[in-house]
Amino acid sequence: MASYLEHRRACAQKQADLHDTLACVPAFYTGPSTDADTKILALSLRQLVAACLDKSVAPSDVLEAYGKRALAAHAATNCLADVFLLEAERAASLLENDKSRFSSGPLAGVPVSIKDCIDIEGHDTTLGFSANAGKPAHASAPLVRLLRDAGALLYVKTALPTACLSFECSSDLFGATTNPYNPAFSPGASTGGGAALLAWQGSMIEVGTDIGGSTRYPSAFCGLYAVKGTSGRFPSSGCVSCTPGLEAVPTVTSPLARTLDDLEEFWSRVVEMRPWEYDHTCAPIPWSRVDYIGSGKKLKFGLIMDDGVIPPTPAAVRALSEVADALRRQGHEIVPFSPPSPLEGLEIGYQLMFSDGAASILEPRSSGEFVSPALLTVRLILRLPLWFKKLQATFLRWFSRPWGRNDSWASLVEIFHPRTALEERKLIVERAAYRQAWHDAWHREGFDLVLTVPHALPAIPKEPEASSKATLVAANYAFLYNVLDCAAGVMPVTYVDRTQDSLPPDFRQGPAYTHMNDIARAVHDLYDADAMHGLPVGIQVVGGRYQEESVIAGMKLIEHILGIRAASDLSDFARQGSAGGRFVPRRF
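Quantities reported herein were computed from a predicted structural model and do not represent experimental measurements.

Each value, and the rule that gives it
- Residues numbered from 1 in each chain as written.
- Predicted model: local features only at pLDDT ≥ 70, side-chain atom pairs only at ≥ 80, totals over all residues.
- Heavy atoms only, no water.
- Phe/Tyr/Trp six-rings, centres within 6.5 Å; stacked < 30°, edge-to-face > 60°.
- Helix = DSSP H or I, 4+ residues; strand = E, 2+ residues; numbered from the N terminus.
- Buried < 20%, exposed > 50% of the residue type's maximum accessible area, 1.4 Å probe, protein only.
- Expected span 1.5 Å × (residues − 1).
- Arc of directions from axis to C-beta.
- pLDDT = per-residue confidence, 0-100.
- Contact = heavy atoms within 4.5 Å.
- Pairing = 2+ DSSP bridges.

### A closer look at the packing of aromatic side chains
Per the stated rule, a full pass over the model turns up 19 aromatic pairs. Measuring from centroid to centroid gives 6.4 Å for Phe234 and Phe266, while their planes differ by 35 degrees, and the two rings are tilted. Here Phe234, found in the loop between strand S7 (225-228) and strand S8 (252-257), pairs with Phe266, found in helix H10 (residues 260-272); they are 32 residues apart in sequence, far enough to count as distant. Each member of the pair, Phe234 together with Phe266, is buried.

Below, the structure written as structure tokens:
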């Protein structure tokens, strides 16, 4: 009872602190955007830095323009965890008056928001737990120091769910964050606050973290761009993991952006700051731009339409098919890829992630504190006796009809169990063998990149019950590339359309549904093209390890080709009512 009461007091105090901070911001932050603000918001990252360096735009004006949007975004979506605009104003003033620093910063004046699991001196790093509230960090993460040295403006931290491992973005500490495109849906996983803020143009760059899709899902659900790098490519020290001490499936710090050009510029400029001189976890690998458009090279793409665990829903299938077709028409080779069993990779990955029985993930949890039902389901399964899980798996295999439909779910049920140190080391050996098998299959086919979906659904309803139905197994299409430690990017390509993307009326009586495992059925039961109409739909572009530049180049090629398609369709505009083509984000 004492723990619960302390939890409620900590939540009330945190919310009151944020309310008081917002009430005390200068009045101009709460006013409407001016014409000058609109001009600043229209600048790309490259243009903004150039304007700040030649002093045609003042960083304080940038902060005002983006600060207004950030507060409006929070009012609409509840996306902020902490606000320190006055602190950022002092930094902006320093930039304007310190000529040596002002003239050399590759991120001068760039507004960057930070997920509330990354240390900023003097501010809480909560991970959504009330036990971490009121305990400000004593030092900033190396990444934060790098960003400030580069001239970036840090002014807000963004909301995240309790313990991070979640498809909804909810906590007792911050409340629920909603998707800007439709408040009935989640903005996607633990970087959901930052994604909602970006979609509202309340920031130019969000720095989040990704252990199983936590930057890629929000990008897909909110119409944004993200690239999860290989561990060690982007600075991660001081970015607190929800699985502290876990190196077998590392948490990777990753940026998100509203445009692909901004994402590439941010990645390159951070790496050009030599992050390995700030952060011991960074590999000293310089940035080397790749240009598939200018080179004219015809690429070979592997295509994974279905991983055999959870088939994607119609909107996700359409998005991936349209991209594959557009690439083919421009002479690129698209080859269906049957990789080493994705189920095997997930089995290895989930065992490593939860080898401690989820103890470290939930250690900071207070009595009665809300945690995603999906994570609680995992903990429940982990706590069940192994003999019981094997018995349940046997029943799933023997009594599920049609015969064999639940074999994959049975395989996962029986491996969700705490592991000894010896068992964990054996799993590391299995992971290495699995990575090698993927590497061999990839190079045998001669792929440049692989295309797949980021998630089987375009988005997940914000209610916790939805993630309870989908379970964390629904992270399959993203988590696999954390296990492989590949570079993987997500980009938006279209919107859900209730006419094109609806399931057939008799879908649940048809063979596709009846042959699905129980988790796949639950995911498809959440799919509703009518309710999801107008939500963004993305695709995932996967490269090898340390191939972030190639992934971004592949994404730019796809965006370019979709633009070509749009231009070629203009003659049919009157007949079809739409030119299609490149994704255009909604303005809020």
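### Here's the deal with helix H5 (residues 85-97)
Its 13 residues place the ends of H5 18 Å apart at the C-alpha level, agreeing with the 18 Å of an ideal helix rising 1.5 Å per residue. The set of residues buried in H5 consists of Leu85, Ala88, Ala92 and Leu95. Looking down the long axis of H5, one finds its buried residues gathered within 70 degrees of arc, a one-sided arrangement. Structural note: H5 exposes Arg90 and Asn97 on the side pointing more than 90 degrees away from its buried face.

### Considering helix H3 (residues 45-53)
Listing the buried residues of H3 in full gives Leu45, Leu48, Val49, Ala51 and Cys52. One side of H3 carries all its buried residues, which in axial view fall inside an arc of 165 degrees. Just downstream of H3, Lys55 is the residue with a positive phi angle, here 65 degrees.

### Quick word on the confidence of the model for the protein
Counting all residues, the mean pLDDT for the protein is 94, and 96% of those residues have values of 70 or more. Here residues 570-579 scores under 50 on pLDDT; set against residues more than four positions off or in separate chains, the count is six contacts.

### So, the pairing of strand S13 (residues 536-542)
Both faces of the sheet carry side chains from a regular strand, because those side chains alternate between them. The buried fraction of S13 is high, at seven of seven residues. Residues of S13 alternate between two faces, with Pro536, Gly538, Gln540 and Val542 on one and Val537, Ile539 and Val541 on the opposite face, all of them buried. Across three bridges, the pairing between strand S11 (residues 449-452) and S13 is antiparallel. Its bridge partner lying in S13, Leu451 is registered against Val541. Judged from the seven bridges that link them, strand S12 (residues 488-495) and S13 form a sheet pairing that is antiparallel.

### Some remarks on unusual backbone geometry
Pro402 follows Arg401 through a cis peptide bond whose omega is 0 degrees. Within the secondary structure layout, Pro402 lies in the loop between helix H16 (386-399) and helix H17 (407-413). One non-glycine residue with positive phi stands out, namely Ala358, at about 70 degrees. Considering the arrangement of structural elements, one finds Ala358 in the loop between helix H13 (342-353) and helix H14 (359-362). The class for Ala358 is buried, based on a relative accessible area of 1%.

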